Each structure stands twice: as C-alpha cells, then as structure tokens.
Amino acid sequence: MSTGTGKGVIGQAVKRKEDKRLLIGKGIFVDDIVLPEMLFASFVRSPYAHARIKGIDASGAMKLPGVVSVVTGEEFASFIKPLEAHSLLDTSAAESLKDYGIAVKKAIYHGEPVAAVVAVDKYVAKDAIGLVEVNYDPLHPVLDPEESMDDKAVRVQDGTPSNVVWHRIFSYGDLDKAFSGADLVVKSRLYFHRVMTAPLEPYAVIASFDKGGGILTINSNSSHPGRDAFLIARSLNMSPNKVRMICQDNGGSFGNKNNMYPYIMLVGYLAMKTGRPVKWIMERNEHLLASSHGNEMIYYGEMAFKNDGTILGMKARMIADEGSELRSEPRGATNWIRQLTSVYRFRNIQMDINCVLTNKCPTASMRSYGKQQHSFLIESLIEKAARQLTMDPAKIRFKNFILPKEMPYKNPTGGVYDGGDYPTCLKRTLKMVGYEAWRERQRKLREEGKLIGIGISVAMEAYGGNKSQMALWRKGLKSSGDTGSAMIKIDAEGHVSASVDSMSMGHSHETTTAQIIAEILTLSPDDIDVFPGFDSWITAYGERGSGSYGSRFGIVHHGAILGAAQKMREKILRHGAFMLGIPVKKVDLVQGRVRVKGTKKSVGLKEVGFNAWMNTGVLPKNLEAGLVAHHVYNAPLKPLEAPELGRGNFSLTYSYGAAVAVVEIDRETGMTSLLKFVCLEDPGKCINPMVCEGQVHGQIGHQMSAALFERLIYDEDGRLLTSTFKDYLAPTAADLPKLETAIMETPALFTPLGTRGMAEGGGAPLVAVVNAVRDALSPLGIELENSYIEPEDILKRIRGSSHR
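Predicted, not measured: the structure shown is a model, and the values here were computed from it.

The rules behind the values
- Residues numbered from 1 in each chain as written.
- Predicted model: local features only at pLDDT ≥ 70, side-chain atom pairs only at ≥ 80, totals over all residues.
- Heavy atoms only, no water.
- Domains from an automatic or database assignment.
- Contact = heavy atoms within 4.5 Å.
- Buried area = accessible area lost by both parts, 1.4 Å probe.
- Salt bridge = Lys/Arg side-chain N within 4 Å of Asp/Glu carboxyl O.
- Polar contact = N/O pair within 3.5 Å; in protein donor to acceptor, adjacent residues only side chain to side chain.
- Helix = DSSP H or I, 4+ residues; strand = E, 2+ residues; numbered from the N terminus.
- Nonpolar A, V, L, I, M, F, W, Y, C, P; charged D, E, K, R; others polar.
- Buried < 20%, exposed > 50% of the residue type's maximum accessible area, 1.4 Å probe, protein only.
- Arc of directions from axis to C-beta.
- Pairing = 2+ DSSP bridges.
- Axes fitted to C-alpha atoms, helices over the stretch in contact; angles between N-to-C directions.
- Left-handed = near helix turned anticlockwise from the far one by under 90°.
- Core = buried A, V, L, I, M, F, W, Y, C linked by side-chain atoms within 4.5 Å.
- Disulfide = S-S within 2.5 Å.
- Parallel < 35°, antiparallel > 145°, perpendicular 65-115°, else oblique.
- Phe/Tyr/Trp six-rings, centres within 6.5 Å; stacked < 30°, edge-to-face > 60°.
- Lys NZ or Arg CZ within 6 Å of the ring centre and 35° of its normal.
- 1 Å grid on protein atoms, 1.4 Å probe; cavity = no way out; pocket = protein on both sides within 12 Å on 5 of 7 lines; lining within 4 Å.
- Points joined across faces, edges and corners; volume = space filled by probe spheres on them.
- Patch = residues over 30% accessible without salt bridge, like charges linked within 9 Å, V, L, I, M, F, W, Y side chains within 5 Å.
- Areas by Shrake-Rupley, 256 points an atom, 1.4 Å probe, with all protein chains shown as cover.
- Lys, Arg positive; Asp, Glu negative; His and termini not counted.
- Charge placed at Lys NZ, Arg CZ, Asp CG, Glu CD.

### A short note on the domain arrangement of the protein chain
Link 1 in the chain: Along its sequence, the protein chain is organised into domain 1 (19-27 + 483-634), domain 2 (46-139), domain 3 (203-281) and domain 4 (382-466 + 649-800).
Link 2 in the chain: Taking the mean C-alpha position of each, domain 2 and domain 3 sit 18 Å from one another.
Link 3 in the chain: Across the contact, 19 residues belong to domain 2 and 16 residues belong to domain 3.
Link 4 in the chain: When the two sides are added together, the surface that domain 2 and domain 3 hide from each other amounts to roughly 1600 Å², 69% of it contributed by carbon and sulfur.
Link 5 in the chain: One salt bridge connects Lys273 with Glu75, and the closest N-O pair in it is separated by 2.9 Å.
Link 6 in the chain: On inspection of domain 2 and its partner domain 3, the count reaches four residue pairs in polar contact (both at pLDDT 80 or more).
Link 7 in the chain: For the side of domain 2 that touches domain 3, the secondary-structure elements that each account for two or more residues are strand S3 (67-72), helix H3 (73-79) and strand S5 (113-119).
Link 8 in the chain: Split by residue class, the side of domain 2 that touches domain 3 holds 14 nonpolar, two polar and three charged.

Okay, here's the thing in structure tokens:
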C-alpha cells in the first residue's frame, strides 16, 4: 500500500493534495449545493446610515409571482433573542446593546438589512426587494469616533448611556520615570484607515430545518462554525447540539468569515419559518457594504528615548471606531496585549483603550486582527525618533531588539516569547534587499531631485490565543487555554482517513495534515485521505473553538494531528504485535508495516485493519477493537495571572518577520511606485516550505495593498462610496511588484512540532511601505501619519512644502 517511508516528510515541499479537484472544477462550494424544494433569500438594505423605520409595506413584493415570504426586522425580533457576542463585556453601555443581525425600528449603518425576501429563485428574490417599500425618517449620522465620544453626541443605538461602550487603561512599569529621564520624546497622532479583506467568495449560507427532529442544518463558508452554532442556537432558542454545521470548500476568508453568524442566524430562521431549505449568496457590493470591516483606529502616541536610541517607554491613547455593533470586539482593540512591546526590549508602557460606536458597518476580525495596527503605532514612533536622532532606522532597531540569549523572554504583561532571533531576521532581510547599496543609490538619486525612500519594519504576530483574554472584558470569567481536535481512522482494507475541527480556505490543510500523519505512520502523504472540510456531526469536533482563525491551525491543530497520529501508531503496533504473537516492544512500524525488529517478518495495514475490525472475536480484553484515534490537543496556556491588571500569557507562539520596501514618488502626480520589496518570516518549523512561501505572498498582497490601494470611504451622510470593485481598489497580481520572500526557521519552544502560526504578518509589509514613503518625503520636511498612501494628499503636501 505505502508508496513512501514517511521519514522526513515533514519539511518537504510536497505538492498540494487539494489542487487536482479544485483545478478541474470538482470543489464543492456553498453555491454548488442544490437541495430539494430550495428557496432563495435576498435582503432589503438601508440606504441611510441612521434612520428611524416608520413602516414597511411588503404588499407589492408579495404580489410578485414566486415570492414566498417577506420578513421584517420586527418579526425577527419577535421570535429570536438578541445575539450575545457583546455579552462578554461588563459595561453598562455594552449590556444595553441589542443586536438582532437586522434593523429593528432603526437602521444604524448604510447597508444594514431591514427585511428579508424569500422566493422560488434568486432572480425573483432580487426583483422583490425593490418592491418592498420602507418609510424612513433620516437621522443625523455619527461618523467621527472622536466626536462620538462626546456625552452630547447622538447615540448610535437607542438606550445606551454613551457611544463609548468600553474603556480601560492598562499600565506596566514606571512610566513617569521613563519619560522624565528621556532625552527625546516623540509624539504623533496616527490614523489607521478602514479597510477589509476581499475574498473571491463572499458570505454564503444554506439552512434547512427538520421539524420532526428539531435539527437545523447549516451549510456555510464560515471559518468559525463552533462558535456560530453556539450563538445561533441561543438566539433561536435551540440546543447547540441541534445545530449541525457543515463547511466544505471555501473561497477565502482572511478573518472576514469569522463573523458571519448574524446572517447564518437570519437564514436559519427563514428556513424554520418556511419549512423549506433557504439559500442566500451575498453579492460583492453587499459584502463591501455589510459584512465586516477591519479595525479603524486613531492613536495619540508618545515614545521616550535616550540619545543613543534606547527606547525607555511608550504611552498611547487608542480610539477604536467599532462601527455600529460589537460582533467580535473588543478583541481587536485589545489584541495588542498579546504582543505588547513587539520585538523590542522596553518595560514601561501605558495603553488607554476606548471602543466607540459610529454609524458604520461593524468591524471585526481581519488578517493580523488589531495587531497590524499596534505594529503601525510602535514602528511609526521608532521611525520618527530615528529621523530626529539622525540614526539609521535599522540601527535603532538593532539597538532595542530582544536577543536570542534572552529567550524565553517574558514581556511586561507576562507573555512568554517562544524563541526567535530578531537581529538575524533583520540582517538577512537587509541583505536580501541590498540595503547599503540602496542607501548609496538613494543619495545619488536625491541629488538629481528624485524622491526615493527606503522603509523598514519588523513586526510580531502572536498566535494561539488564550481564552483568558476574555477575562479582560468581563470580571470573573472562567475561561482559559485553547484546543484543537483531530481524528484518524483506518478501515478494514487498511485505508487511512483523517479529519480536524478546522477547515481550509486556501491554507493547504489537507496537505500538511497528511504530511504529519505520514511521518508518524511511515507512509506517503498520498496514502492519507483528509476530509476536505468540517461537519460537526462527522469530523473531529472541538466545541465552540472549532474553526480556522487566528492562524491557530499551525499550533493547536498540528498538536492534535500529531497526538492522534501517535495514538494510532501505538494501536497499529499493539494489533500487529498481537497478530505476530510477540510483545509490542519487539515490533516497529516501517513503511506502513508492523515488522519484527531485526527480521523481515511483518504484517501490513490491510491485514491489521481487517483483524481489528472483522476478526474481533479473537482479540484479548486489553486490546480495543477497531482502529480509531481521536486527540484533543490542550495548549499549555494557563488562566491569567492578574486579569484585573492585564497580566498573563495571552498566546502560545510569537511569530515575527521583517520587510523592507524601496519606493519612488512622482513629484508631478504624487503616485508611489514600488522599486523593490523583500519580506522574511520565521514561522518556526515549516511543515511544507512551498505552502509557507505562498502564505507569505498572501500576507504581503493584503498589507501592501492596504497601504497603496484599498480604503473604505464614507461620505458626510454615512454612505459607503467604495461599495464596488470599481471604487474599492482590490489589486490584481499585475498591480504588485515582484515579491522576494524567505523563510527563517527557529523552532518554537512550546509546540509539539516546533511550529508557529504564520502569514498574518503583524503589519510588517504595510508599515514598510508607509515608512518608505515617509523616508522619501523626509527631505521635504513632510510628516506622514496615516496608514493609507493617498496620491492626492502626497501631491498636495509636496506642492505645499517649503523645501520643494
């Protein structure tokens, strides 16, 4: 059976198992699924950012042939309970929020669902939403988060005492001493713009309800089905065990599909109401309008330095524009706590966090969720200090790096860094780009009047989150650790199959899962069939944690796969030893065969599988029948030491990387051109280098594009102006430069395989581009404090510069 030894499979660039079925069009996406008597849903959406709903007349829509039902927000609210994601917060403002996933009496952002139409096909449903008449009374929208914080500001949600729904100050070390002893204090008001991911496949849901069994089956492309089932069940007054979640092939998420549970709940109710399966496929403009946006943040930051560049401390006031609901927040607003000082050695820091509602689409997770914003804060202040101290930006970073000999290093919160070599990471990245040569070339080109900039960024991305982070938001919450689940089965014919409580969205989970199992069972990855998706009734299940988010697959799921493979190996050896009639200590597993050590006598998996399943009458009492191994990996993360002080280890692994960008700015247009870009990442042990490289390309594409192309823009009335790809500039490969990447492997100290999460980047690609533009504009005395490089703004600044 086996086509390989398994030895050395981990670490090899094995070709992706997924590619064949996807390339020949045999993948199964939600819209490929057709169920008997299936109906189709479409949503009426608010054209206003803030408006009372005085009435809804659905009579015109109901007259259209093929329309089955029109459901308003008030009808939904009469049956379902409000969603409870925000219930983790213990503030009076947060506890007064009521989120039904749809507008009830008042619309609070442009594009919010107001009513749902169900029809016999998607075209009738789409036509019918234009026949639903909604009587609106427009209200003043609150769009500026700083204005929204004012006690006199219009409330985004009725009944809330304030638009500031969560506020807390976290302090570490002796801040007064750090700043009073500083030779230099740099200050900036920094703005991280609103952006989002743009997966090929937007949200998609099919819900069907078995009234007899009370079973709600959901086919969706969610990336967090375990939590979704729990939240949906509570809103629909069901047991979570009655909600079956199925997720198959997925056209990308990048964090965005962690937060589609409100729509899943609404479509679930429509199936329950109509008694027929209901399909809803989100359109692109809906996705841009009303899925979830990335964190938009304002920082008032200060950093204290010695004249030699040593960082003494930092303080920042963060204003997080959460949009109109809290559906995943304040996780993004507090994710900085997982990597407080990034890769740098300073101990004095204060973060003043303000989570504020505005009349915009809710924010939620996005690649490098809340962490790229924190890197933008730290790296921007370091860059500014380097200019004022006339230090090379690389030198000031080398001055402050945590060193390899200090690992495992405990940061001020108590986070324990799991190894790494930050100086070598940056040295290798600088060598890749040809840093010294570019600096010399920059000097010559500047003499010719060229605006050439070189930008550096080093960033951290903490993965494997501790559930205890939630204790920051609600006192006394008893939740900690993180788990992943995997199951391996060998049938009576010797075929090996596996599943995990996760799903791939382009991550190559089937390939890397097969590599780990093949290594332990001495097989080839081709011998392993991996379930291509997730089914809460069939695959390995991890309760509310089930899903693919926060780059946890390389941590908890690798641990689970390894544990299940080791258990299966032990079972195979015990069954094989019994069949060979010798003690288990005298056999080994070689090329998928149980072999007597020092001889050629052996039995293969086919024989072992048949005997374990089909000849159970001969098995001794101490030998379990069958070959099934299930393992739940429990990450070694403990409850927080002092949640009231923001102290504890919030993550298991701390990936990191560096990026360097070289840009030229056109004086006549303000346009930025990328001349060279390099990026290096350390993901710990790489299971598959080809997969790792591809993931790094993805992170660069997202964050480089966020700096140069992608921005969500609202007008003064709160209408989203960038709701199509004509306006929201999601680039293609042709718009990006050649990407030069490298992987540096420093095994993680606390995971079973030495792996870390990877490829969210921590903002390094974005900040490198921004810093390069800052460097290019520095001879003109121009300070850039936004994360988005807007050509019109750059041109205006160039023309207004006295150094032009």
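### Overview of helix H18 (residues 605-614)
Link 1 in the chain: Taken as a whole, H18 has its buried residues at Leu605, Val608, Gly609, Asn611 and Ala612. Looking down the long axis of H18, one finds its buried residues gathered within 165 degrees of arc, a one-sided arrangement.
Link 2 in the chain: Where the residues of H18 are buried, they touch strand S17 (483-490), strand S18 (496-500), helix H17 (553-580), strand S22 (593-596) and strand S23 (602-604).

### Topic: the pairing of strand S9 (residues 204-210)
Link 1 in the chain: The element S9 is largely enclosed, with a buried count of five among its seven residues.
Link 2 in the chain: Looking at chain direction, S9 and strand S12 (residues 278-281) are connected through four bridges and run antiparallel. In the sheet register, Val205 faces S12, and the bridge partner there is Trp280.
Link 3 in the chain: In this sheet, strand S10 (residues 215-220) lies alongside S9 in antiparallel orientation, the contact comprising six bridges. Across the sheet, residue Phe209 finds its bridge partner in S10, namely Leu216.
Link 4 in the chain: Hairpin remark: S9 followed by S10, antiparallel, with four residues in the connecting loop; positive phi at Gly214, about 65 degrees.

### With respect to the packing of helix H12 (residues 371-388) against helix H13 (residues 393-400)
Link 1 in the chain: Where H12 meets H13, the closest approach of the two axes is 9 Å, and the angle between their N-to-C directions is 120 degrees. Seen from above, H12 lies across H13 with right-handed handedness. Residues Glu379, Ile382, Glu383, Ala385 and Ala386 of H12 lie in contact with H13, whose contacting residues are Pro393, Ile396 and Arg397.
Link 2 in the chain: A class-by-class count of the residues in the contact of H12 with H13 yields five nonpolar, no polar and three charged.

### Thoughts on the nonpolar core
Link 1 in the chain: If you look at the biggest cluster of nonpolar residues, it comprises 172 residues, and the most contacted ones within it are Met303 and Phe677.
Link 2 in the chain: With residues near it in sequence (within four places) discarded, Phe677 still touches Ala659, Val660, Ala661, Ile700, Met704, Lys738, Leu739, Glu740, Pro765, Ala768 and Val769.
Link 3 in the chain: Core analysis: the next-biggest nonpolar cluster, separate from the first, contains 45 residues, Ala560, Leu562, Leu589 and Ile687 among them.

### A short note on the state of the cysteines
Link 1 in the chain: Inspection of the entire model under this criterion finds one disulfide.
Link 2 in the chain: The disulfide that involves Cys686 links it to Cys692, with 2.1 Å between the sulfurs.
Link 3 in the chain: Between Cys355, a free cysteine, and Cys361, which holds the nearest cysteine sulfur, the sulfur-to-sulfur gap is 16 Å.
Link 4 in the chain: Residue classification places Cys355 among the buried positions, given a relative accessible area of 1%.

### Section: the packing of H17 against H18
Link 1 in the chain: For the pair H17 and H18, interaxial distance at closest approach is 10 Å and the crossing angle is 85 degrees. Between H17 and H18, the crossing angle belongs to the class labelled roughly perpendicular. For the pair formed by H17 and H18, the contact residues are Ile572, His575, Gly576, Phe578 and Met579 on the first element and Leu605, Glu607, Val608, Asn611 and Ala612 on the second.
Link 2 in the chain: In terms of residue class, the contact of H17 with H18 is built from six nonpolar, three polar and one charged.

### So, the packing of aromatic side chains
Link 1 in the chain: Under the defined criterion, the tally for this structure stands at 17 aromatic pairs.
Link 2 in the chain: Summarising the aromatic geometry, the rings of Phe43 and Trp280 are spaced 5.4 Å apart at their centres and angled 80 degrees between planes, so their arrangement reads as edge-to-face. In this pair, Phe43 is assigned in strand S1 (residues 39-45) and Trp280 in strand S12, connecting sequence segments 237 residues apart. Residue Phe43 shares its accessibility class with Trp280, and that shared class is buried.
Link 3 in the chain: Where Phe534 meets Tyr541, the ring centres are 6.2 Å apart and the plane angle is 35 degrees; that geometry is what we call tilted.
Link 4 in the chain: Taken together, the ring pairs in this structure connect Tyr344, Phe398, Phe401, Tyr422 and Tyr656 into an aromatic cluster.
Link 5 in the chain: Above the ring of Phe230, the side-chain terminus of Arg544 is found at 3.5 Å from the ring centroid.

### A closer look at the sheet that holds strand S11 (residues 243-247)
The pairing of strands in a sheet happens through backbone hydrogen bonds and is either parallel or antiparallel.
Link 1 in the chain: Read from one edge of the open sheet, eight strands run S3-S5-S1-S12-S9-S10-S11-S20, paired in mixed fashion. Edge strands, defined here as strands with exactly one partner in the open sheet, are S3 and strand S20 (534-535).
Link 2 in the chain: Here helix H5 (residues 122-129) sits on the sheet and contacts S1, S3 and S5; the angle it forms with S1, its principal contact strand, is near 20 degrees.
Link 3 in the chain: Here helix H8 (residues 225-235) sits on the sheet in contact with S10, S11 and S20, set at roughly 150 degrees to S11.

### Remarks on the layout of surface pockets
Link 1 in the chain: Put simply, the second largest pocket is a space of about 980 Å³.
Link 2 in the chain: Residue lining of the second largest pocket: 46 residues in total, with Pro199, Leu200, Gly252, Phe254 and His702 positioned closest to the centre.
Link 3 in the chain: For the lining of the second largest pocket, the secondary structure elements donating two or more residues are helix H1 (19-23), S18, helix H16 (509-521) and helix H19 (689-708).
Link 4 in the chain: Sort the elements by how many residues they give to the lining of the second largest pocket and H19 lands first, with five residues.

### Some words on a negative patch on the surface
Link 1 in the chain: Judged by side-chain charge, Asp144, Glu147, Asp150 and Asp151 come together as a negatively charged surface patch.
Link 2 in the chain: The topology assignment puts Asp150 in the loop between helix H6 (145-148) and strand S7 (164-172).
Link 3 in the chain: Taking the relative accessible area as the measure of exposure, Asp150 reaches 42% and is therefore partly exposed.

### Re H5
Link 1 in the chain: Turning to H5, its buried residues are Val124, Ala125, Ala128 and Ile129. All buried residues of H5 lie within an arc of 135 degrees about the axis, which places them on one face of the element. Along H5, the residues that are exposed and aim more than 90 degrees away from the buried face are Tyr123 and Asp127.
Link 2 in the chain: Next to the buried residues of H5 lie S1, helix H2 (59-63), S3 and S5.
Link 3 in the chain: Sitting at the amino-terminal end of H5 is Asp121, which places a side-chain oxygen 2.9 Å from the backbone nitrogen of Tyr123.

### Quick word on the environment of Ile349
Link 1 in the chain: With respect to the secondary-structure elements, Ile349 resides in strand S15 (residues 348-356).
Link 2 in the chain: Overall, Ile349 belongs to the buried group, its relative accessible area being 1%.
Link 3 in the chain: Residues Ile349 and Asn359 lie 10 residues apart in sequence; the distance between their C-alpha atoms is 32 Å.

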